[in-house]
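Overview (structure and organization)
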Amino acid sequence: MAQGVGLTATQIHNELAVVIVTQWIQRFLNKRESLEDHPRSGRPLSGITQQNIDGAKDLVNDDPHIIIDYVTAILDTVNTSLIVVDT
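Residues numbered from 1 in each chain as written. Predicted model: local features only at pLDDT ≥ 70, side-chain atom pairs only at ≥ 80, totals over all residues. Heavy atoms only, no water.

A word on helix α3 (residues 68-75). Burial in α3 covers these residues: V71, T72 and L75. One face of α3 carries all of its buried residues, which in axial projection span an arc of 95 degrees. Opposite the packed face of α3, turned more than 90 degrees from it, sit the exposed residues Y70 and A73. Close packing links the buried residues of α3 with α2 (50-62). At the exit of α3 stands D76, carrying a positive phi of roughly 55 degrees. (Buried < 20%, exposed > 50% of the residue type's maximum accessible area, 1.4 Å probe, protein only. Helix = DSSP H or I, 4+ residues; strand = E, 2+ residues; numbered from the N terminus. Arc of directions from axis to C-beta. Contact = heavy atoms within 4.5 Å.)

What follows is the structure, given as structure tokens:
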């Protein structure tokens, strides 16, 4: 695979697509039967839990001008798992 320097976006996309397809072919040759993600350690796939929803609502109700980074720190989650709620 060529280095990314000097390549157009289309060329980079095409080269990445070849790598990804090659990886999936290898996975299925190694007896993989599904496109679903396998379980892995670390953070859960989603930080959207009822506990986080209720916690975010409480924080926003207490301070409508609260900063999202503060909410994520308190709830120990990431910005992408927070949702906008109409309280």
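Counting five residues, the largest nonpolar core consists of A56, L59, I66, V71 and L75. Listing elements by their share of this core, those giving two or more residues are α2 and α3. Excluding residues that lie within four positions of it along the chain, L59 makes contacts with I66, V71, I74 and L75. (Core = buried A, V, L, I, M, F, W, Y, C linked by side-chain atoms within 4.5 Å.)

Aromatic rings in a pair are described by how distant their centres are and how their planes are angled relative to each other. Considering all chains together, one arrives at one aromatic pair under this definition. On the numbers, 6.0 Å between centres and 35 degrees between planes, the contact of W24 with F28 is tilted. Of this pair, W24 and F28 both sit in helix α1 (residues 9-29), separated by four residues, roughly a single helical turn. The ring of W24 has R27 lying over it, and the distance from NZ or CZ to the ring centre is 4.5 Å. (Phe/Tyr/Trp six-rings, centres within 6.5 Å; stacked < 30°, edge-to-face > 60°. Lys NZ or Arg CZ within 6 Å of the ring centre and 35° of its normal.)

Phi is positive for K31, which is not a glycine, with a value near 80 degrees. Among the secondary structure elements, K31 is positioned in the loop between α1 and α2.

Across the protein, the average pLDDT comes to 78, with 78% of residues at 70 or higher. Mean pLDDT across the elements of the protein bottoms out in α3 (82) and peaks in α1 (88). (pLDDT = per-residue confidence, 0-100.)

Between its first and last C-alpha atoms α1 spans 30 Å; for 21 residues at 1.5 Å apiece the expected length is 30 Å, and the two agree. At the C-terminal side of α1, K31 shows a positive phi close to 80 degrees. (Expected span 1.5 Å × (residues − 1).)

Another aspect to go through is the environment of V71. When you line up the elements, V71 lands in helix α3. Between the C-alpha atoms of V71 and N52, which are 19 residues apart in sequence, the distance is 9.7 Å.

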